[in-house]
Each structure stands twice: as C-alpha cells, then as structure tokens.
Amino acid sequence: MVRPRATILGIGEADGGKATGRGGVELGAEAALRAVADAGLELDEVDGLLVEAPDVDQHHMAQLALADALAWRPRFAYSTGCGGATPIANVLLAVAAIEAGLAERVLLVDYDARQTRRSPDRSQRLARTAGHRNLWEDPYGPITAAKFALVARAHMDRYGTTRRQLAEITVQARRNGSLREGAQLRTPVTVEEVLASPPIAEPLHLLDCCIVSDWGSAVLLARPDPGASRGVKVVGMGQGHEGYAITRAESLAAFPAIAASGRQAFAMADIGPADVDLALVYDSFTITLLVTLENLGFCEIGSGGTFVGEGRIGPQGTLPVNPHGGQLAYGGGHGHFLTEAVRQLRGEAPTAQVGGARVALCQGTAAAVLSSYTVILEAAA
Amino acid sequence: MTGPLAASFLQALAEGHLLLQRCSACARHRLPPAVRCGACGSQQWTVVPASGRGRLASFAVLHRAPGSQHQARVPYVYALVDLDEGPRIVTNVVHVSPGTLRIGQRVTAVFERTDDDGRSWPDFQPG
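Fair warning: this is a prediction, and the values are worked out from it, not measured in the lab. (Residues numbered from 1 in each chain as written. Chains lettered and ligands numbered in written order. Predicted model: local features only at pLDDT ≥ 70, side-chain atom pairs only at ≥ 80, totals over all residues.)

Participant: Would you take a moment to explain the overall build of chain A for this structure?
Facilitator: Across its full length, chain A holds 12 helices and 11 strands. Expected size for 381 residues packed as a compact globule is a radius of gyration near 21 Å; at 19 Å, chain A falls within 12% of this value. Taken along its principal axes, the extent of the C-alpha atoms in chain A is 55 × 45 × 40 Å. Residue burial in chain A is summarised as follows: out of 381 residues, 60% are buried. (Helix = DSSP H or I, 4+ residues; strand = E, 2+ residues; numbered from the N terminus. Rg over C-alpha atoms; globule rule 2.2 N^0.38 Å. Buried ≥ 20, exposed ≤ 12 C-beta atoms within 10 Å, placed from the backbone.)

Participant: Would you explain the overall build of chain B in this entry?
Facilitator: From N to C terminus, chain B includes two helices and eight strands. Its C-alpha atoms give chain B principal-axis dimensions of about 40 × 30 × 20 Å. Per-residue burial for chain B yields a buried fraction of 31% across its 127 residues. Taking the contacts inside chain B whose residues are at least 6 apart along the sequence as the reference set, 48% of them involve residues at least 24 apart. (Contact = placed C-beta atoms within 7 Å.)

Participant: Sorry, what's going on with the interface of chain B and chain A here?
Facilitator: Interfaces are frequently sized by the accessible area removed from exposure as the parts join. Taken together, the contacts link 30 residues of chain B with 25 residues of chain A. Contributions of two or more residues to the side of chain B that touches chain A are made by β4 (53-62), α2 (68-71), β5 (76-83) and β6 (88-93) of chain B. The residue makeup of the side of chain B that touches chain A, split by class, is 17 nonpolar, nine polar and four charged. Here strand β5 (residues 199-202) of chain A runs beside β4(B); their pairing, made up of two bridges, is antiparallel. When the bridges of β4(B) are listed, E202(A) appears paired with V61(B). (Nonpolar A, V, L, I, M, F, W, Y, C, P; charged D, E, K, R; others polar. Pairing = 2+ DSSP bridges.)

Participant: Please explain the packing of helix α1 (residues 24-38) of chain A against helix α2 (residues 62-69) of chain A as it appears in this structure.
Facilitator: Helix packing for two helices is described by the angle between their axes and how far apart those axes are. All names here are of chain A. In contact at an axis separation of 9 Å, α1 and α2 are set at 65° when each is read in the N-to-C sense. As far as their axial angle goes, α2 and α1 are roughly perpendicular. Every pair of crossing elements has a handedness; the one defined by α1 and α2 is right-handed. Contacts between α1 and α2 pair V25, E26, G28 and A29 from the former with A65, L66 and A69 from the latter. Tallied by class, the residues present in the contact of α1 with α2 amount to five nonpolar, one polar and one charged. (Axes fitted to C-alpha atoms, helices over the stretch in contact; angles between N-to-C directions. Parallel < 35°, antiparallel > 145°, perpendicular 65-115°, else oblique. Left-handed = near helix turned anticlockwise from the far one by under 90°.)

Participant: Explain the sheet that holds strand β7 (residues 214-222) of chain A here, please?
Facilitator: Working definition: the strands of a sheet are paired by backbone hydrogen bonds and lie parallel or antiparallel to each other. Residue and element names in this part refer to chain A. Pairing in this open sheet of nine strands is mixed, and the strands run β3-β2-β4-β7-β1-β8-β11-β10-β9 from one edge to the other. Only two strands of the sheet have a single partner each, and these edge strands are β3 (76-80) and β9 (278-281). Across the sheet, the axes of successive neighbouring strands diverge by a mean angle of 25°, strand direction being ignored. Strand direction decides the pairing type here: strand β1 (residues 6-13) and β7, joined by six bridges, are antiparallel. Looking across to β7, one finds that G10 is bridged to L220.

Participant: Honestly, the sheet that holds strand β3 (residues 45-49) of chain B in this entry has me stumped. Any pointers?
Facilitator: Residues and elements named next belong to chain B. With antiparallel pairing, three strands are arranged side by side in an open sheet as β2-β1-β3. The open sheet has two edge strands, β2 (29-30) and β3, and neither has a second partner. The pairing of strand β1 (residues 19-23) with β3 spans five bridges and is classified as antiparallel. Residue pairing in the sheet places Q21 in a bridge with V47 of β3.

Participant: Got a minute to help me understand helix α12 (residues 336-346) of chain A in this structure?
Facilitator: Because the α-helix completes a turn every 3.6 residues, residues three or four places apart line up on one side. All names here are of chain A. Counting buried residues along α12, 10 of its 11 residues qualify, which places the element largely inside the surrounding structure. Those residues of α12 not exposed but buried are H336, F337, L338, T339, E340, A341, V342, R343, Q344 and L345. Directly after α12, the chain includes G347, whose backbone phi takes a positive value near 75°.

Participant: So what exactly am I meant to see when it comes to the pairing of β6(B) here?
Facilitator: Regular strands show a simple pattern: their side chains alternate between the two faces of the sheet. Among the six residues of β6(B), six are classified as buried, and the element is accordingly described as predominantly covered. By the alternation rule, side chains of β6(B) split into R88(B), V90(B) and N92(B) and I89(B), T91(B) and V93(B), which are all buried.

Participant: Explain helix α6 (residues 163-179) of chain A here, please?
Facilitator: Residues and elements named next belong to chain A. Helix length check: α6 (17 residues) gives 25 Å between terminal C-alpha atoms against 24 Å at 1.5 Å per residue, within 8%. Extensive coverage of α6 is indicated by the burial of 12 of its 17 residues. Taken together, the buried positions of α6 are Q165, L166, A167, E168, I169, T170, V171, Q172, A173, R174, N176 and G177. The inward-facing, buried residues of α6 abut α5 (144-159), α7 (191-196), α9 (286-295), α10 (304-307) and α11 (326-329). (Expected span 1.5 Å × (residues − 1).)

Participant: Looking at this model, I keep getting lost on the packing of α6(A) against α9(A). Mind explaining?
Facilitator: Residues and elements named next belong to chain A. As a packed pair, α6 and α9 sit with axes 9 Å apart at the nearest point and diverge in direction by 100°. By the angle between their directions, the pair α6 and α9 is classed as roughly perpendicular. In this structure, α6 contributes L166, I169 and T170 to the contact, and α9 contributes T286, I287, L289 and L290. Class assignment of the residues belonging to the contact of α6 with α9 gives a composition of five nonpolar, two polar and no charged.

Participant: Whenever I open this one, the confidence of the model for chain A confuses me. Can you help?
Facilitator: Note: predicted coordinates in regions of low pLDDT should not be interpreted at a detailed level. With 96% of its residues at a pLDDT of 70 or more, chain A shows a mean pLDDT of 94. In the predicted structure, residues 121-128 of chain A sits below a pLDDT of 50 and forms 16 contacts with residues beyond four places in sequence or in another chain. (pLDDT = per-residue confidence, 0-100.)

Participant: What is the right way to look at the environment of T20(A) in this model?
Facilitator: All names here are of chain A. Within the element layout of this structure, T20 appears in the loop between β1 and α1. Looking at T20, the number of C-beta atoms within 10 Å reads 19, which means it is partly exposed. Measuring from C-alpha to C-alpha, the distance between T20 and Q115 comes to 7.7 Å, with 95 residues separating the pair along the chain. In this structure T20 touches T116 and D214, once residues within four positions along its chain are discounted.

Okay, here's the thing in structure tokens:
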C-alpha cells in the first residue's frame, strides 16, 4: 500500500471559454470559491495559495492580487511559472509545503483572459509577451506552433508518422468535446477536415493546434485525509527538465524530461503504465500528446502514430486520454486536466465516464516538450 | 542577454559574420553564448569564426508570423541547423521551395537580412 502524499478535497472551474470580457483575477476567484464550496469548506479554513503567473493578464504578484479579490489573507502564498504545466507543478509544491508544515490546505489556482486580452493586431495573435523573448530565435520569426512543428517534422522523418495519424488525436478530442457541456468546441471533425484546415506551421495545421480561452480553474489540496469520502489521493509525483530553448534538446527523437517525470511518478506510486485507467495528458498540439504518450511509456518511442488510432485513446479504449476533450476541444486553460481527473476518479464525469476508473495519470508539458510534470492520482477507498 | 557575454557575438553580426564560442578546456563549440561549457564545466572560452556550413536538423513552414516585421516573408521556413562545428541553432532557410527540403541536407549561411539594430542574422540556403 503506497502512502498517499495528499488528498484533493475540491475542484472548481470558472465560466470561461470564449472571450468573457472579465479579468483573469475575477475568473480565478470564481474558480477558487467553487473549489472551496465543492470541498464543503469556507475560505477561511484554507491557508495556502499557489497561483499560476498569468501569461497575458500579467501581474507581478498574482497571488496577492487574487487574494485581495477574495478579501482573504492566506499564510502561505506564491505565484509560479511552469508554463502550461503549472497547475500540475503546483501539486508537487503544495505537497512539499504541507509536509513542511507551512500550510494545511492549499488552493492551486490558474487563470488567464487570453481571448479577451489578445492583441487587436492580428499578426500578434499568437501572443509573444515580454517573458517569451529570445535574442537568438526572435530574428527568425517564431510562432508558438513553430517549435512543435520542428518536433513533428523530425518525428515524421524518423518514424514515418503521418499527418493523418496526428489528425486522429484531434478527431478523438473533438468527439469527446462534442459530448461535454461546457467544452468550448462542441462540433466533431473528420480526419479530412483536420488535413484540410489552414496550414499554421507545417506540418501542423490549424486543427492540430489547441484553442485559446478565457479560463479559471482551482484545486484544493490538503494533507492525506482517509476520511474524505470523495477525496482523491495523490500517490505519485515527478518532474524533469531538459531546457527551455528547443536547441537544448539532446535529440528530437525522444524527450527525457517527459520520461523522467513519468518514471519518478510511477516509482513513487509503485505502479507502471499498464496500471493506469486513464491519462490526462497535455495536448497543446497533436504532436505534444503523441510524444508524451511515448515518453511516459504507454507505447514504444516512435510507435505513437499507430497507438493513437482506432479509438485506442477514446473513453472505451485501451488507454482513455482526455475524455473531456483536452486543450484541443474542452478549453485552452491549464488546470482542467486535474479537475477532469478528479471528476473521473469520483465517478462524476457528466460524459465519457471511464468505467471503474481508479488510477489516473495527469501530466503537463512546458518549454515545448523539454519540461514536464506528472502526478498520479487514485480514487478514494 | 545583451550584456558583455553576448556583446562580441552581436558586434560580429553587425559586421556580417557569425562567431561561435569555443571552450578553452575541451574545445567544444557552443551558441548561443553561455557562461560555462555544458560538456566540461569550464568557464574559459574564446571566440572563433563559424564556417557557416551545416546540415538541416528539422524545419517548419510558417504561414503565420509573430509580428509585422515578419509578415511580408510569409510563408517562410523556420529551421534547426546543426553546424559542422557542433552547435544546433535556430535559423530560416531561404531561396528554396519548401517542398524540396529534406532533413539531413547540407546548408550554407547567407547574410542578407539586417534587423532594426543593424545586425545581419545568418539565414541558410541549400548547398
């Protein structure tokens, strides 16, 4: 029996999606209060706050801006920046804080108003804010999709992966999203529609890319509480970092940071990939999800193109992945991978509930695919 | 990173050529400049001119640009090139029909574009 490191007591999501016209802090506060209410607690019974530093709706002390909006004074408060992996990265930090006695119950909040605040200049739409500047790359005109396209091209060249195989990932995500109320994209698409969508950074086309959203998500995490009947347990955690610049990758064939994050999490949970009932895996682009499944050990390196086809990652497949639709359909936020994992392990998913789900792997990728955080969650006894 | 570490490299770009950082201890080359060698840890280094020759490691054809200064170039090829001296750098491949590019092919630096700071960042072309 593995020792649980923490219990997730509550989850919450703000009413986001398309441009809401609301500030990010407002979205974050709404999600936070919903997570506290979901746990059956009052905000004053929570004493810790970890906030993802927003990329677009920036604030130099986002944790206190959010605390002010909630008229709340936590005793433990930080904002952190680990890209799209931040909510999952914050699980590791919250567990460390709780085990160190620095906090009892920690809210993990992520939010941004990327739809509302996106630049009016069309050419700036794939926002490159100050924090993304790179002296040695910017003269060459990178967009966010460019790094992922480099990874995709190398994968195709080396392993024979096809655009059609990548498109299967979007098709499954959109099918999942079409069933899920609250998902941003509710219409299914075909492989042909993905292939025919406008090119963005070839070989990636528009429907290989995640959506942009206003969002707020929150998770309330506390020391292990065996009495919490809906309490989802954190049983494994890991992380790995190869670099930030894509030129720091040792190869474009395998991604050791993702592998390390999975290996550590599996070791701590004392399980392997075959024991996972469903995976919530970061899908900023189709290729992101494909290489992540490979490097976490769900299939051989290079075989991801075959693995994701024929419904294998669907809710009834051999490895259900992102049954809510992920970033390709559900929303462009970061925390919904965690909130969906918790819903699934409680048996409360409104659609695409994975039957008898006991163990979920939840992973976030950042710095293209060079940085990764993984947690393994287990349903309450 | 526009301080002293990068200064000599940026000055060279303004004069139309590319320099590499060379570790004084193990002779490995690196770019972008870094304060220590990732292979041996030495903080001693010199600069050497790059041959401007390499191989295409991967590439993407961009149909959207991050800003108005690149908009007129769409579509353009964003690429990784492995220089013969070792470093892998980000660049653009120019004077080519993207459909003919293949990973592993030989490429050579060309200095044709000058940015607002007067620096000529090397692009590459087949050959």
